[in-house]
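Here are the chains, one letter per residue:
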Amino acid sequence: QSHELLSPTLLFPSHFAKSKIAFVATSPTSCHSVAIDSAGRAYGWGRNETGQLGLGYASAVVPIPTLLTVGEEGIRFVGAACGKYHTLLVGSNGMAYASGGNLCGQLGINNAGVRGIDRFRKCAVVGQISGEEGEGGEDSVGNVKIVQASAGENISALLSSAGHLYTSGSSEFGQVGNGETGEYIIAAGKLGFSNCAKFIRRSVFVQSESDRDGKTGNMLTSGGMDSSGRVKCVNLEDSSSICLANVSCGKNHIVAVEAPTVGRSHVPRVFSWGSGDYGCLGHSIQADEYTPRLVGAFRGPIFANNHPVSAVAGSNCTVVKTRNGHVYYVGKHKSAGEATMRPTIVDALANNGHVVAAVGAGAQSVFCSTTNGVTVSWGHGEHGQLGYGKDENKSSSKPKFVNGLDSCLVTEVSCGMGHTIFVLRNDDEEDKKAMKKVGKVEEGDVAEWVEGIKGKEAGGEEDEPAKKKQKGKGKK
């Protein structure tokens, strides 16, 4: 019997009856998810073969949302992130915690020799003061307070309250953002990379010489490339003072948006780095970037009063939302068709007066939810993650209405591997009326399925341990 949810469904509403869900996290490469309620409690469910849910054990799957803890009393969680094999939690104390696979150092626990852990451990953030001494916030001398996290396949990124960027994990495609991959030969036909096992601040941001000089045209023919075939870039003079508002990891690339700053005349900038497959970095070229690079397409008068405010990264695409609720897309998330090599407005929404409030991007899906209760999605969704419902197509080349969420105000959307999670506003009678049309599933509805999973695990039929599954993945 299939337990796929082909249209949006309220997930275990009785289970989450204690308080409202405030935040959800999954990612294009993850088959597990985390939800945080308004009381700061974190719940995790999904695949757990590397102990990525931090429950003290590894298992094929955790089918029911389960309370997550980090072994410290009184910790309220304010953020979370899911990678392919790992999870990050952010506490109100400004500390980050990680659990799961660590083959590339993506846990950031300053121990590259540990292949993985199944309980949350405090991350090592360079410059951070641990314990009560550091709880005064980032104004304290030498202290770093983490407020946001994101995770890709083998990479992790943190933002501090000062808007500073910290990364840890794989440098294979330059996604660590330190200016190099550190590639070296392990053996014939096998390469290694100088991955990072602790969170280090990345304070160098660059722009191409062409952008600096205001040139347009093809970099390949206009002298914009160096002798090694890389784009010629120069450091931004204000690199050390750049304050980021948002960071998002795709599979192997990262995008970040600058915070608006009082008293400064320039428009908040967008930066991207890591794998440039399908042009997902927005630089109109398929080339990896090893340092956070300014996306020149978001400069100019058109963005003076409609500047970028946030961005999300899919596996091989990037979606940027602006102040006026317009959405720009670059890269590719559909199996057919050409890649979009330059950030392009989603005109099906903008031309019809829709103001987008929430966006999400997954492995093969993109979602946009508007302020007037309209949600659209497009891409490929063999498991129903596009939410079109039973007997409907499981793919769409253009934005298509998700009728199951009609009139529902979506405040958060997060796209994972084969699934999508929404947070629906439930503040007034209109919200409640809209939600009555949404189906629901309770624990009793899946009890037989859950018992079947437990039986398989007891009989030794569970998936092979992650430590074997990860072997050889991602490294050539």
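Everything that follows concerns the structure shown earlier in this document.
Worth saying up front: this structure is predicted, and the values here are computed from it rather than measured.

**Q** Account for the overall build of the protein, with residues named and values stated.
**A** A tally of helices and strands in the protein yields five helices and 32 strands. A compact globule built from 476 residues should have a C-alpha radius of gyration of about 23 Å, and the protein, at 22 Å, falls within 12% of that. Along the first, second and third principal axes, the C-alpha atoms of the protein reach 65 × 55 × 50 Å. In the protein, buried positions account for 53% of the 476 residues.

**Q** Go over the sheet that holds strand S5 (residues 59-68), please, and point to the residues and values.
**A** The strand order S2-S3-S4-S5 describes an open sheet built from four strands, whose pairing is antiparallel. Across the chains shown, the open sheet's two edge strands, defined by having one partner strand only, are strand S2 (21-25) and S5. Along the sheet, successive strands turn relative to each other by an average axial angle of 10°, direction set aside. Of the strand pairs in this sheet, strand S3 (residues 32-37) and strand S4 (residues 42-48) are connected by five bridges, and their pairing is antiparallel. Residue pairing for S4: His32 is matched across the bridge by Gly46.

**Q** Can you tell me about the sheet that holds strand S15 (residues 196-201), naming the residues and giving the values?
**A** Here we have four strands laid out as an open sheet, ordered S10-S11-S12-S15, and antiparallel in their pairing. Sheet topology places strand S10 (146-151) and S15 at the edges, where each strand pairs with a single neighbour. Taking each pair of neighbouring strands and ignoring which way they run, the sheet shows an average axis angle of 15°. With five bridges connecting them, strand S11 (residues 155-160) and strand S12 (residues 165-169) associate as antiparallel partners. Each bridged residue has a counterpart across the sheet, and for Leu159 the counterpart in S12 is Leu165.

**Q** Kindly report on the packing of aromatic side chains, identifying the contributing residues and their values.
**A** Following the criterion strictly, the structure yields six aromatic pairs and no others. For the pair Phe298 and Tyr328, a centre-to-centre distance of 5.7 Å together with 80° between the ring planes defines the contact as edge-to-face. You can see Phe298 sitting in the loop between strand S21 (289-294) and strand S22 (308-313) and its partner Tyr328 sitting in strand S24 (residues 327-331), a full 30 residues away along the chain. Neither residue differs from the other here; Phe298 and Tyr328 are each classed as buried. Three or more aromatic residues link up through ring pairs in this structure, and these residues are Phe298, Phe303 and Tyr328. The positively charged end of Arg230 is found above the aromatic ring belonging to Tyr290, 3.9 Å away from the centroid.

**Q** Can you tell me about the environment of Leu55, naming the residues and giving the values?
**A** Along the chain, the position of Leu55 falls in the loop between S4 and S5. On the accessibility criterion, Leu55 (16% relative accessible area) is buried. Sequence spacing of Leu55 and Leu68 is 13 residues, and the spatial spacing of their C-alpha atoms is 6.9 Å. Once residues within four sequence positions are removed from consideration, Leu55 is found in contact with Val62, Thr66, Leu67, Leu68, Asp118 and Arg119.

**Q** Describe the pairing of strand S13 (residues 184-187), naming the residues involved and giving the relevant values.
**A** By the bridge criterion, three bridges tie S13 to strand S14 (residues 190-192) in an arrangement that is antiparallel. Pairing of Tyr184 across the sheet is with Gly192, part of S14. The antiparallel hairpin formed by S13 and S14 contains two residues in its connecting segment, where Gly189 sits at a positive phi of about 75°.

**Q** Tell me what's going on with the nonpolar core, and back it up with residues and numbers.
**A** Counting 18 residues, the largest nonpolar core has Leu88, Cys123, Val125, Ile146, Leu158 and Tyr166 as the members making the most contacts within it. Of all the elements in the fold, those that place two or more residues in this core are strand S7 (86-91), strand S8 (96-101) and S10. Counting residues per element, this core draws most heavily on S10, at three residues. Other than its neighbours up to four places away in sequence, Tyr166 contacts Val125, Val126, Val144, Ile146, Ser156, Ala157, Leu158, Ser160, Phe199, Ile200 and Arg201.

**Q** Just give me the short version of the pairing of strand S30 (residues 410-415), but keep the residues and values in it.
**A** Two elements, S30 and strand S31 (residues 420-424), share five bridges in a ladder whose sense is antiparallel. Residue Ser414 lies in a different strand from S31, and its bridge partner there is Ile421. From the end of S30 to the start of S31, which pair antiparallel, there are four residues, and Gly418 there has a positive phi angle of about 80°.

**Q** Describe unusual backbone geometry, with residues and values.
**A** Here Tyr278, not a glycine, exhibits a phi torsion of approximately 60°, which is positive. You can see Tyr278 is positioned in the loop between strand S20 (270-274) and S21.

**Q** Give me the environment of Ile109: which residues, what numbers.
**A** Its location among the elements puts Ile109 in the loop between S8 and strand S9 (116-122). Under the relative-accessibility criterion, Ile109 is labelled buried at 11%. Residues Ile109 and Ala96 lie 13 residues apart in sequence; the distance between their C-alpha atoms is 10.0 Å. Apart from the residues lying within four places of it in its own chain, the contact partners of Ile109 are Asn102, Ile117, Arg121, Lys122, Ala124 and Ala197.

**Q** Hey, could you go over the state of the cysteines for me, with residue numbers and the actual values?
**A** With the rule as written, the count across this model stands at zero disulfides. Of the cysteine sulfurs around Cys280, a residue in no disulfide, the closest is that of Cys317, at 7.9 Å.

Criteria and cut-off values
Residue numbers here run from 1 along each chain, matching the order of that chain's written sequence. A pLDDT threshold of at least 70 governs which residues receive local features in this predicted model, and a stricter bar of 80 or more applies before side-chain atom pairs are shown or counted, although totals over entire chains, interfaces and linings include all residues. Note that water and hydrogens are dropped before the side-chain values are worked out from all heavy atoms of the structure. Numbering of helices and strands runs from the N terminus; a helix is a DSSP stretch of H or I covering at least four residues, while a strand is a stretch of E covering at least two. We compute the radius of gyration over the C-alpha atoms and compare it with the globule rule, which gives 2.2 Å times the number of residues raised to the power 0.38. Each residue gets one of three labels from its accessible area relative to the maximum for its type: buried under 20%, exposed over 50%, partly exposed in between, using a 1.4 Å probe on protein chains only. Any two strands between which DSSP finds at least two bridges are classified as paired. For every element, the axis is a line fit to its C-alpha atoms; helices are fit only across the contacting stretch, and the angle between N-to-C directions ranges from 0 to 180 degrees. Planes of paired rings set the category: under 30 degrees apart is stacked, over 60 is edge-to-face and the rest tilted, where pairs are Phe, Tyr or Trp rings (Trp by its six-membered ring) whose centres lie within 6.5 Å. Geometrically, a lysine NZ or arginine CZ counts as sitting over a ring once it is within 6 Å of the ring centre and also within 35 degrees of the ring normal. Whether two residues touch is decided by their heavy atoms; if any such pair falls within 4.5 Å, the residues are in contact. Put simply, buried Ala, Val, Leu, Ile, Met, Phe, Trp, Tyr and Cys residues joined by side-chain atoms within 4.5 Å make one nonpolar core. Note that a disulfide, as used here, is simply two cysteine sulfur atoms within 2.5 Å.

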